[in-house]
Amino acid sequence: MKLKPSDRAMRRWLLTALAATASGWTLAATAAAPAPVVLVVGDSLSAEYGLARGQGWVALLQQRLAKSMPQARVVNASVSGDTTAGGRARLTSLLQQHKPTVVVIELGGNDALRGLPLQGTRDNLQAMTRASQAAGAKVLLLGMQVPPNYGGAYGRDFAAVFPDVAKQSKAAVLPFLLAGIADAPDAPDAPSWFQADRIHPTAKAHPRMLENVWPHLQPLLR
């Protein structure tokens, strides 16, 4: 059937209107999508202890995301000396304030240094993970290990806490944040890797820490 000029004009108008409406829907959906927020809840390893501002792995993460995902935001809520109990106590307000897409939990090392019971560490990490997930965030646990002088059995049990909690809660986990640093062949004798206290990494180590974290964090940002 041959369309009249008036019919063809009406058809063009309808198609234009539909296209504009679809475009508006797409723009609205894009505008409504929240920008990813990465909340890091950690201790001195993430709080740039002994470093100039901007040298820690969390700051380096923000710099990386600024290039690949400029709309993303990193909130560093790390406190030097914090334990899993301290992180658990302040997590609720952090979740309410920042509404994170991903929560990175880097706690537990100070629990071991203070000789706190492993069950308490496990319970706190589990509670933090579940609270974060209940708030709609994905979780990445950053595992830690202790030096051999703590004893073989304790070292194994402590290291196992992180993957165990991750498995129970279906969270992501990096087994050892300081892999390639604390266990490097020259680590005990290399001041370039650790500060004078032999506990806190130097600025040289933090890019490596980010490289350890990134493969586990990147999939959570998609």
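Residues numbered from 1 in each chain as written. Predicted model: local features only at pLDDT ≥ 70, side-chain atom pairs only at ≥ 80, totals over all residues. Heavy atoms only, no water.

**A short note on the overall build of the protein chain**
Our working definition: Secondary structure elements follow DSSP: runs of H or I no shorter than four residues count as helices, runs of E no shorter than two count as strands, and numbering proceeds from the N terminus. Throughout this description, buried means an accessible area under 20% of the type-specific maximum (1.4 Å probe, protein chains only), exposed means over 50%, and partly exposed covers the range between. A 1.4 Å probe and the Shrake-Rupley method give the accessible areas. Residues count as covered only by the protein chains that appear here.
The helix and strand tally for the protein chain stands at seven helices and five strands. Mapped in sequence order, the helices and strands of the protein chain form the string α-β-α-β-α-β-α-α-β-α-β-α. Across the 222 residues in the protein chain, those meeting the buried criterion constitute 43%. If you sum the accessible surface of the protein chain, you get close to 11900 Å²; carbon and sulfur atoms cover 60% of it.

**Considerations on the sheet that holds strand E2 (residues 73-76)**
Selection criterion: Note on pairing: two strands pair once DSSP finds at least 2 bridges between them. The axes are straight lines fitted to the C-alpha atoms, using for helices just the contacting stretch, and the angles between their N-to-C directions are given from 0 to 180°.
Strand order in this open sheet of five strands is E2-E1-E3-E4-E5, and the pairing throughout is parallel. Each having just a single partner strand, E2 and strand E5 (172-174) make up the two edges of the open sheet. Adjacent strand axes in the sheet meet at a mean angle of 20° when their direction is disregarded. Where strand E1 (residues 37-42) and E2 come together, four bridges link them in parallel fashion. From the neighbouring strand, Val40 faces E2, where its bridge partner is Asn76.

**Here's the deal with the environment of Ala89**
With respect to the element layout, Ala89 can be found in helix H3 (residues 84-98). The exposed category is assigned to Ala89, whose relative accessible area is 67%. On a C-alpha basis, the gap between Ala89 and Met128 in space is 9.1 Å, while along the polypeptide they are 39 residues apart.

None of this, on its own, says anything about what the molecule does.
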